[in-house]
Each structure stands twice: as structure tokens, then as C-alpha cells.
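Below, each chain spelled out in residue letters.
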Amino acid sequence: MKNSKRGTYIVEAAVVLPIIIIAMITLVLIEGYYYQLAAETGRMHIALRGNAGALTGKTIYADGGNWKGEIDMKKSAIGGKVYGRGEVRMVSKGMIMGKGSQTIEGSYYAVDGPKYVRYCSMVKGVLTDEEQ
């Protein structure tokens, strides 16, 4: 019996090549998901910054963003805070049927500069009146 290696390369390629192709497709899908996550986080920050500017009434952004998340605003004496929360979902169809989601959150503080200076002057005046 002869020790023949004919056909071993074809058998090896038949086993290894599908694994490599599936790994490459998976990497592309994961990369797409993280791109979507970064883009959605950017949209959230643009929307929060626009709402923080609107909260003080001093800054208005032309593009409020097309973000579809929850926004909560809490006003204070000199400005306020804007909270945002949303969810990014990965849905893939075809060979890999999987769903994944990740929650993104962010916040911005809004300070009305002139109102803050007046508030500090008022507090400083009250403190100096109490000392006398």
C-alpha cells in the first residue's frame, strides 16, 4: 500500500475555508454593530446638547438631532441638567439569527452664565450682610 497524500489539501480546505468565511462575516457584523453604537451615541449627545442650550434659553442649536431616545430635563436656579437614555439593537437576518441590545446613557449640565454671576453676587451680598 502506497502512502498517498493526494486529495489531503482539498479535504483540509473543505474543513478550514468555511470556518474562515464564517469568522470574517462575524467580524463584519460586529464591526457594523459598534459603528451603529458610536453613531447613535453621537446623535444622543447632539440632542442632549441642544436641549441643554434650550433649557437655559441662551443657546439654540439649528440641528436638534434625530435621536429617538428618552430625554428628561431638570431645571435649577442657574440652569439645569439634561438626561438621555436610549437603546441600540443589533438585529441580523440570514445565516446568523441573533439579537443583541445595549443601553446608552448620557447627561449634560446647562449653566446660564449671567444668571450664575447674579446668583453668586446675591449670595455674596447676603453673606456680607450677615457678618455685619
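What you are looking at is a predicted structure, and each value in this text was computed from that prediction instead of being measured.

Caption draft 1: Spatial organisation of the overall build of the protein chain. Within the protein chain one finds 2 helices and 3 strands. Per-residue burial for the protein chain yields a buried fraction of 19% across its 132 residues. Pairs at least 24 residues apart make up 54% of the contacts formed inside the protein chain by residues separated by at least 6 positions. With an accessible surface of roughly 10400 Å², the protein chain has 60% of that area assigned to carbon and sulfur atoms.

Caption draft 2: Layout of helix α1 (residues 8–56). Look at α1: 73 Å from first C-alpha to last across 49 residues, which is about the 72 Å you get at 1.5 Å a residue. Its axis deflected by about 25 degrees at Ala14, α1 carries its strongest bend there, up to four residues before the proline Pro18. Within two residues after α1, Gly57 carries a phi angle of roughly 80 degrees, on the positive side.

Caption draft 3: Up close: the nonpolar core. Within the largest apolar cluster, 12 residues are counted, these being Tyr33, Leu37, Met44, Ala47, Leu48, Ala52, Leu55, Trp67, Val82, Val88, Ile104 and Ala110. Mapped by element, the contributors of at least two residues to this core are α1, β2 (79–92) and β3 (98–111). Residues in contact with Ala110, not counting those within four places in the same chain, are Ala52, Leu55, Thr56, Ile78, Gly79 and Gly80.

Caption draft 4: Local environment of the pattern of salt bridges. Counted by the stated rule, this structure contains 2 salt bridges. A salt bridge links Glu40 to Arg43, with the nearest nitrogen and oxygen atoms 2.5 Å apart. A residue pair is termed a helical-turn pair when its members lie 3 or 4 positions apart in one helix, as Glu40 and Arg43 do in helix α1 at 3 residues. Residue classification places Glu40 among the buried positions, given a relative accessible area of 17%. As a salt-bridge pair, Glu105 and Arg85 come within 3.8 Å of each other at their nearest N and O atoms. With a gap of 20 residues between them, Glu105 in strand β3 and Arg85 in strand β2 connect regions that are remote in the sequence. On the basis of relative accessibility, which here comes to 44%, the residue Arg85 falls in the partly exposed class.

Caption draft 5: Quick peek at the packing of aromatic side chains. One pass over the structure, following the stated rule, counts 1 aromatic pair. Between the aromatic rings of Tyr33 and Tyr34, the centroid separation amounts to 5.4 Å while the plane-to-plane angle is 65 degrees, which identifies the pairing as edge-to-face. The exposure class of Tyr33 is buried, given its relative accessible area of 11%.

Caption draft 6: Expanded view of the confidence of the model for the protein chain. Mean pLDDT over the protein chain: 80, with 82% of residues reaching 70 or higher. For the protein chain, the element scoring lowest by mean pLDDT is helix α2 (residues 113–131), at 75; α1 scores highest, at 88.

Caption draft 7: The side chain of Thr56, seen in detail. Residue position: Thr56 is located in helix α1. The residues contacting Thr56, other than those within four sequence positions of it, are Gly79, Ala110, Val111 and Asp112.

Caption draft 8: Focus on a nonpolar patch on the surface. Among the surface-exposed residues, Val11, Val15, Val16, Ile19, Ile20, Met24 and Leu27 lie close enough to one another that they form a single nonpolar patch of about 660 Å² accessible area. Within the fold, Ile19 resides in helix α1. Judged by relative accessible area, which is 56%, Ile19 ranks as exposed.

Caption draft 9: Broad picture of the side chain of Lys81. Assignment of secondary structure puts Lys81 in strand β2. One buried charged residue, Lys81, forms no salt bridge at all, with the nearest opposite charge on Asp72 at 9.8 Å. Separated by 3.0 Å, the side chains of Lys81 and Tyr109 make a polar contact.

Rules and cut-offs
- Residues numbered from 1 in each chain as written.
- Predicted model: local features only at pLDDT ≥ 70, side-chain atom pairs only at ≥ 80, totals over all residues.
- Heavy atoms only, no water.
- Helix = DSSP H or I, 4+ residues; strand = E, 2+ residues; numbered from the N terminus.
- Buried < 20%, exposed > 50% of the residue type's maximum accessible area, 1.4 Å probe, protein only.
- Contact = heavy atoms within 4.5 Å.
- Areas by Shrake-Rupley, 256 points an atom, 1.4 Å probe, with all protein chains shown as cover.
- Expected span 1.5 Å × (residues − 1).
- Bend = angle between axes of the 7 residues up to and from the residue.
- Core = buried A, V, L, I, M, F, W, Y, C linked by side-chain atoms within 4.5 Å.
- Salt bridge = Lys/Arg side-chain N within 4 Å of Asp/Glu carboxyl O.
- Phe/Tyr/Trp six-rings, centres within 6.5 Å; stacked < 30°, edge-to-face > 60°.
- pLDDT = per-residue confidence, 0-100.
- Patch = residues over 30% accessible without salt bridge, like charges linked within 9 Å, V, L, I, M, F, W, Y side chains within 5 Å.
- Lys, Arg positive; Asp, Glu negative; His and termini not counted.
- Polar contact = N/O pair within 3.5 Å; in protein donor to acceptor, adjacent residues only side chain to side chain.

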